[in-house]
Amino acid sequence: MGESVISGLVRSWVGGWVVSRGAAEPVDEPWGWTVDVGQSAQVARHVLPEPTEPDVRKLVAATTAPGTWLKVFTDDDTVRPWLGPGWRFDVPGYLMTVPLAAGGPVVPAGYTLTTWERGGVVRALVRTGAGHFAARGQLGLAGVVAVADQIETAPAHRRRGLGSVVMRALEDAGHRSGAETGFLVATPEGKALYSTLGWTLRATMASLYYAPDAPEPAESAAV
């Protein structure tokens, strides 16, 4: 039996995400993939595109290292009863895709846009005329897939269309690189923006991590 649609989508996202973050090559598992990330707050992540209760419970029982993350493609309420002590929820994620096409952004007056590529990662940076940081984002290139990641706008520069500038710049760069489809996992706040830019919601993702010594609640913001 062939790979399901959701597993294929998640595989594509994982493949571009590891390029963006400089993480290790994903390791195939019966339930999905394990990725060594190598950061103190995220040592490794397990990605389950079609989670089952036995698989999640087995991973939870085997986890002893703080900073281990689970990216489980279901909603928080479904996975919550499968967890044990020490697991904390991050904000939900939303897997989204878009067909890539040519067309760079129009940069608002008073800002400049710079893009560059290194090591398979495209970066877009928006600054003020005085050179102050305003917005940024990056794109992991993986063949016909391009994964947008770490999109950020400085609080003082929000609601000025700069997130759209970054996304359009990255989409154009991905298209020019030969990629056909853009992928990302949005935060709840980002999902609305990406929808207005033509991105389609494909799946909901519960994001959680093991922090046995952290007080409740202990939420971070990494997607």
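Residues numbered from 1 in each chain as written. Predicted model: local features only at pLDDT ≥ 70, side-chain atom pairs only at ≥ 80, totals over all residues. Heavy atoms only, no water.

A word on the overall build of the protein chain
- When you go through the protein chain residue by residue, the secondary structure sums to five helices and twelve strands.
- In terms of overall dimensions, the protein chain is globule-like: its C-alpha atoms have a radius of gyration of 18 Å, near the 17 Å expected for 223 residues.
- Considered along the principal axes of its C-alpha atoms, the protein chain spans approximately 55 × 45 × 30 Å.
- When each of the 223 residues of the protein chain is scored for burial, the buried share is 49%.
- A fraction of 64% describes how many contacts in the protein chain between residues 6 or more apart in sequence connect residues 24 or more apart.
- Carbon and sulfur atoms make up 53% of the accessible area of the protein chain, which amounts to about 10,600 Å² in all.
- The average position of the 19 basic charges and that of the 22 acidic charges among the side chains of the protein chain differ by 8 Å. (Helix = DSSP H or I, 4+ residues; strand = E, 2+ residues; numbered from the N terminus. Rg over C-alpha atoms; globule rule 2.2 N^0.38 Å. Buried < 20%, exposed > 50% of the residue type's maximum accessible area, 1.4 Å probe, protein only. Contact = heavy atoms within 4.5 Å. Areas by Shrake-Rupley, 256 points an atom, 1.4 Å probe, with all protein chains shown as cover. Lys, Arg positive; Asp, Glu negative; His and termini not counted. Charge placed at Lys NZ, Arg CZ, Asp CG, Glu CD.)

Notes on the nonpolar core
- Val 126, Leu 139, Met 167, Leu 184, Tyr 194 and Trp 199 are the most contacted members of the largest nonpolar core, which has 27 residues in total.
- Counting only elements with at least two residues in this core, the list comes to β6 (93-99), β8 (121-128), β9 (133-142), β10 (145-153), α4 (162-176) and β11 (181-186).
- Broken down by element, the residue count for this core peaks at seven residues, all from α4.
- Discounting residues that sit within four places of it in the chain, Val 126 has contacts with Tyr 111, Thr 112, Leu 113, His 132, Phe 133, Ala 134, Ala 135, Leu 162, Val 165 and Val 166.
- Among the nonpolar cores identified, the runner-up in size contains 20 residues, and Ile 6, Leu 9, Trp 33 and Val 147 belong to it. (Core = buried A, V, L, I, M, F, W, Y, C linked by side-chain atoms within 4.5 Å.)

Thoughts on the environment of Ala 203
- Note on placement: Ala 203 falls in strand β12 (residues 200-210).
- Ala 203 sits in the buried class, given a relative accessible area of 13%.

Some words on the pattern of salt bridges
- Under the counting rule described, the total for this entry stands at seven salt bridges.
- For the salt bridge of Arg 176 with Asp 172, the shortest nitrogen-to-oxygen distance reads 2.9 Å. Linking Arg 176 with Asp 172, this pair stays in helix α4, spanning four residues, or about one helical turn.
- Since its relative accessible area comes to 58%, Arg 176 is described here as exposed.
- Judged by its relative accessible area of 13%, Asp 172 is buried.
- What emerges from the salt-bridge pattern is a single network uniting Glu 3, Arg 11 and Asp 28. (Salt bridge = Lys/Arg side-chain N within 4 Å of Asp/Glu carboxyl O.)

Observations regarding unusual backbone geometry
- Phi is positive for Gln 150, close to 50°, though the residue is something other than glycine.
- Residue placement: Gln 150 occurs in strand β10.

Some words on the confidence of the model for the protein chain
- Residue-level pLDDT values for the protein chain average 95, and 96% of them are 70 or greater.
- Note that residues 217-222 has pLDDT below 50 and, in this model, 13 contacts with residues that lie over four places away or in other chains. (pLDDT = per-residue confidence, 0-100.)

Looking at the pairing of β9
- Burial within β9 is extensive, with eight of its ten residues counted as buried.
- Count of turn residues in the β8/β9 antiparallel hairpin: four residues, of which Gly 131 carries a positive phi of about 90°.
- Note that β9 and β10 share seven bridges and pair antiparallel. Bridged to Leu 141 within β10 is Ala 146.
- The turn linking β9 back onto β10 is made up of two residues, and Gly 143 within it adopts a positive phi angle of 70°. (Pairing = 2+ DSSP bridges.)

What about the environment of Arg 159?
- Tracing the backbone shows Arg 159 in the loop between β10 and α4.
- The exposure class assigned to Arg 159 is exposed, which follows from its relative accessible area of 86%.
- Considered as a pair, Arg 159 and Gly 8 are 151 residues apart in the sequence and their alpha carbons are 34 Å apart.

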